[in-house]
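Structural features, examined
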Amino acid sequence: MLSDGLWRTIRIGLVGLVLAAAVAGLVIGDSWLWVAVEWSPPASVRFYAPNGFDTLTVVALLVAALVKAALLWLILRAPAPGPLNRRAKALRRLLYLAVAYALLLWLPIALLPDVLDAAFQFALWTAIDVLYLLVIRWRSRMLRVAAGALFAVELAGMADELLDELDVLELGSGGIVGPGLMLGGAAATVITVVGQWRDGRWSRGTLTAGWLSVGVYALMIPLNLLFEQIFSGSPVMPVMMDAVGLVSTVWIAATARELPGDDRLVDLPPARRRVVRVTVAAAAVLPIIAMIHPERTPHLTYTGWSPRCFDRPSFGDLKPAERDAVFLCRARSTDGGVPPMFPASLSDQAVLAYGRVLCRARDRDEQEAILKRAGSARPAWGADPWDLVYVCPEIIGATHPELLRSAAETKAANDAHISEENARCRDPWPRTKGVVQATANYFLFVDGDPGYLVHDPADEAADEAAEQAMDKVYDDSAGIGVARSAALIGHVEDVADLCLTVKALRTAPPRRTAGWDQVNEVPIVSRSGRLTVPEKGEGEVGAGAPMPNLAIAGKGRYRLRVYVRVGDAGEEHLVVVFPGASRKRLELKP
């Protein structure tokens, strides 16, 4: 065991190194300052502060350096001398391993797959909790049972993380189970400190560190959840919480250090106790003081990079209290690299106020004037009703009632619209039954959509064939572009949809060109045994009903005959597919 003098030299050297490195970071640059205070790779700086540190962050790092140096001084105290039995020795070694992990080992372990980190922590704390039950003199059977139950909850939370990394069923999927597992760690710490107090071996300072670690843990949960909202991506919060988080490591190290004591250790003199209390209080209060902004500072709840802003919930699925937050997300969004609707210097209250003014604007020009007054980087774009509906549903809903729907109502309305459009389409050859057939409305993009595909979706070169077919359709007099396993059939009129019937026959049907404006026949290949027409997905083009596999003879060559006409009911297409080895293109009715 190292002598007390050597321990003191090591403590002075390491604490001095931390403070010196932090001071040097002020001169060398942000990356060095980050490494000196956070003890993590400089690459993290680009994540937390891609544009460099502002003054508040630099101050937070310097305060964190002082706090971590003080707590490191307490962590590195020499182990108390005295005999230990086999279980106590094992517990002390595991506790010091936990301390080493918190200070140093987390970095090399982080380079390994996340599942190994989760498994290591689960195994480590399982062993520690078992030894806590055996080594601590609980002096109450009920207290020991309660400790075992809370340790089980704590380990269940770690098991949940491990299961998540293994991509198997998680424990904390429910709205109550997840937070309950998160609080298991704090509850386990509470019961352990109570056990230490009843045991009598641990000093008042160790018990105080234990209670403070509970407070820090309880503070971390809500602040981590609100991190994006409060600091808008600033590294101040993680820096300060990382610093005060060492209180837990102080408690673990003190627990290991004082294991040999038979009775309660002698408390510190009153003067030193007051110094410790002031230091600990400062360490707990300084992060909270750092979070308090001046009254003139804008209150920012969401930024364009906030993870919860990537989803766009339907208005009808939101509670009234949630709608303002969604508008703030939309107003500050930089999705797609576009500038936000409002500058970052505007507070949430100002953004919401401008949003309600935009709702009452008479036209786009008035919206542009309002956005210019607000300092927007994109005033000419105005504001869209699907964004404004969250702040003034009574105004937007009067002209756009569809924006007030929930996701389920929107889907039901879309399904009803598709069914209605499909119902107006009729089979133009009702007496000629195909082996497989379908009739549906085919939805096109309003502007610039060349037509629809009949293709082999399982062909390895399906995308390349579709692109080539699209290139050829513009140069073909019949408006049909063919490239091996894909045929792009263009529409005649400038339409947003058309009625499409597809049939697969075993042999070539009669020409039957009467009543049709044009009839053409082209070759097509199925390399996988499939030929079909794309079905409409959400917000996409495609057929309004499932389309069958038209390659009824499996892999091979087919003929594709296309009938087109335009009448009072709109544009109508009939596509007939049948086996055929010919590679000729036929104009049966130009």
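Residues numbered from 1 in each chain as written. Predicted model: local features only at pLDDT ≥ 70, side-chain atom pairs only at ≥ 80, totals over all residues. Heavy atoms only, no water.

Once that is clear, we can look at a nonpolar patch on the surface. Taken together, Leu6, Ile10, Leu14 and Leu17 make up a surface patch of nonpolar side chains, about 320 Å² in accessible area. With respect to the helices and strands, the residue Leu14 is situated in helix H1 (residues 4–28). The exposure class assigned to Leu14 is partly exposed, which follows from its relative accessible area of 37%. (Patch = residues over 30% accessible without salt bridge, like charges linked within 9 Å, V, L, I, M, F, W, Y side chains within 5 Å. Areas by Shrake-Rupley, 256 points an atom, 1.4 Å probe, with all protein chains shown as cover. Salt bridge = Lys/Arg side-chain N within 4 Å of Asp/Glu carboxyl O. Helix = DSSP H or I, 4+ residues; strand = E, 2+ residues; numbered from the N terminus. Buried < 20%, exposed > 50% of the residue type's maximum accessible area, 1.4 Å probe, protein only.)

What follows is about the state of the cysteines. Counting across every chain of the model gives two disulfides. In this model Cys359 forms its disulfide with Cys392; the gap between the sulfur atoms is 1.7 Å. Here Cys359 and Cys392 share a disulfide; its torsion about the S-S bond, -75°, makes the bridge left-handed. Taken together, the residues Cys359 in helix H15 (residues 348–359) and Cys392 in the loop between helix H17 (385–388) and helix H18 (393–399) connect sequence positions 33 residues apart. Look at Cys392 and you get buried, because its relative accessible area is 0%. The disulfide partner of Cys425 is Cys499, and the S-S distance across this bridge is 2.0 Å. In this structure the cystine formed by Cys425 and Cys499 twists about its S-S bond by roughly -75°; its chirality is therefore left-handed. Taken together, the residues Cys425 in the loop between helix H19 (407–423) and strand S1 (436–443) and Cys499 in strand S5 (residues 497–504) connect sequence positions 74 residues apart. Each member of the pair Cys425 and Cys499 is classed as buried. (Disulfide = S-S within 2.5 Å.)

Here seven strands make up an open sheet; going across it, the order is S7-S1-S5-S9-S8-S6-S10 and the pairing mixed. Here the strands that pair on one side only, and so sit at the sheet edges, are strand S7 (542–543) and strand S10 (586–589). Note that strand S6 (residues 518–526) and strand S8 (residues 556–567) share nine bridges and pair antiparallel. From the neighbouring strand, Ile524 faces S8, where its bridge partner is Tyr558. The sheet contacts of H19 involve S1 and S5, and relative to S1 the element is tilted by about 120°. (Pairing = 2+ DSSP bridges. Contact = heavy atoms within 4.5 Å. Axes fitted to C-alpha atoms, helices over the stretch in contact; angles between N-to-C directions.)

It is worth spelling out the pattern of salt bridges at this point. Across all of its chains, the model carries 18 salt bridges by this definition. Among the salt bridges present, the one from Lys411 reaches Asp415, with a minimum N-O distance of 2.9 Å. With Lys411 and Asp415 both in helix H19 and four residues apart, the pair spans about one turn of that helix. Salt bridges sharing partners connect three or more residues here, namely Arg137, Asp199 and Arg201.

Attention shifts here to the pairing of strand S4 (residues 486–490). Within S4, five of the five residues are buried, leaving the element largely enclosed by the surrounding structure. On S4, burial covers both faces: Ala486, Leu488 and Gly490 on one face and Ala487 and Ile489 on the other are all buried. Sheet analysis places strand S2 (residues 451–455) next to S4, joined by five bridges and oriented antiparallel. By the bridge assignment for S4, His455 is matched with Ala486. Alignment of strand S3 (residues 480–483) against S4, held across four bridges, turns out to be antiparallel.

Counted at 1.5 Å a residue, the expected span for H15 with its twelve residues is 16 Å, and the 17 Å between its end C-alpha atoms agrees. Inspection of H15 places Asp348, Val351, Leu352, Gly355, Leu358 and Cys359 among the buried residues, and these make up the whole buried set. For H15, the angular spread of buried residues about the axis comes to 120°, placing them on one side. (Expected span 1.5 Å × (residues − 1). Arc of directions from axis to C-beta.)

The next subject is the environment of Val214. Mapped onto the elements of the fold, Val214 is located in helix H9 (residues 204–225). Between the alpha carbons of Val214 and Val193 there is a distance of 9.6 Å; along the sequence they are 21 residues apart. Once residues lying within four places of it in the same chain are set aside, the contact partners of Val214 are Ala186, Thr189 and Val190.

A word on the nonpolar core. Among the nonpolar cores identified, the biggest contains 59 residues, and Leu91, Trp125, Ile128 and Tyr132 are the most heavily contacted of them. By residue number, the principal contributor to this core is helix H4 (residues 55–75), which donates nine residues. With sequence-adjacent residues up to four places away left out, Tyr132 is seen in contact with Leu91, Leu95, Trp138, Phe151, Thr192, Trp251 and Thr255. Membership of the second largest hydrophobic core comes to 30 residues, among which are Val454, Ala545, Leu550 and Tyr558. (Core = buried A, V, L, I, M, F, W, Y, C linked by side-chain atoms within 4.5 Å.)

It is worth spelling out the pairing of S3 at this point. Of the two faces of S3, both are covered, the one formed by Ile480 and Val482 as well as the one formed by Gly481 and Ala483. Connecting S3 to the antiparallel partner S4 that follows it, the hairpin turn spans two residues, and Arg484 within it adopts a positive phi of roughly 55°.

Moving on, we come to the packing of helix H2 (residues 30–38) against H4. Relative to each other, H2 and H4 sit at 30°, their axes nearing to 9 Å. By the criterion of interaxial angle, the relationship of H2 to H4 is roughly parallel. Of the two possible hands of crossing, H2 and H4 adopt the one that is left-handed. Contacts between H2 and H4 involve Leu33, Trp34, Val37 and Glu38 from the former and Val58, Leu61, Leu62, Ala64, Ala65 and Lys68 from the latter. A class-by-class count of the residues in the contact of H2 with H4 yields eight nonpolar, no polar and two charged. (Parallel < 35°, antiparallel > 145°, perpendicular 65-115°, else oblique. Left-handed = near helix turned anticlockwise from the far one by under 90°. Nonpolar A, V, L, I, M, F, W, Y, C, P; charged D, E, K, R; others polar.)

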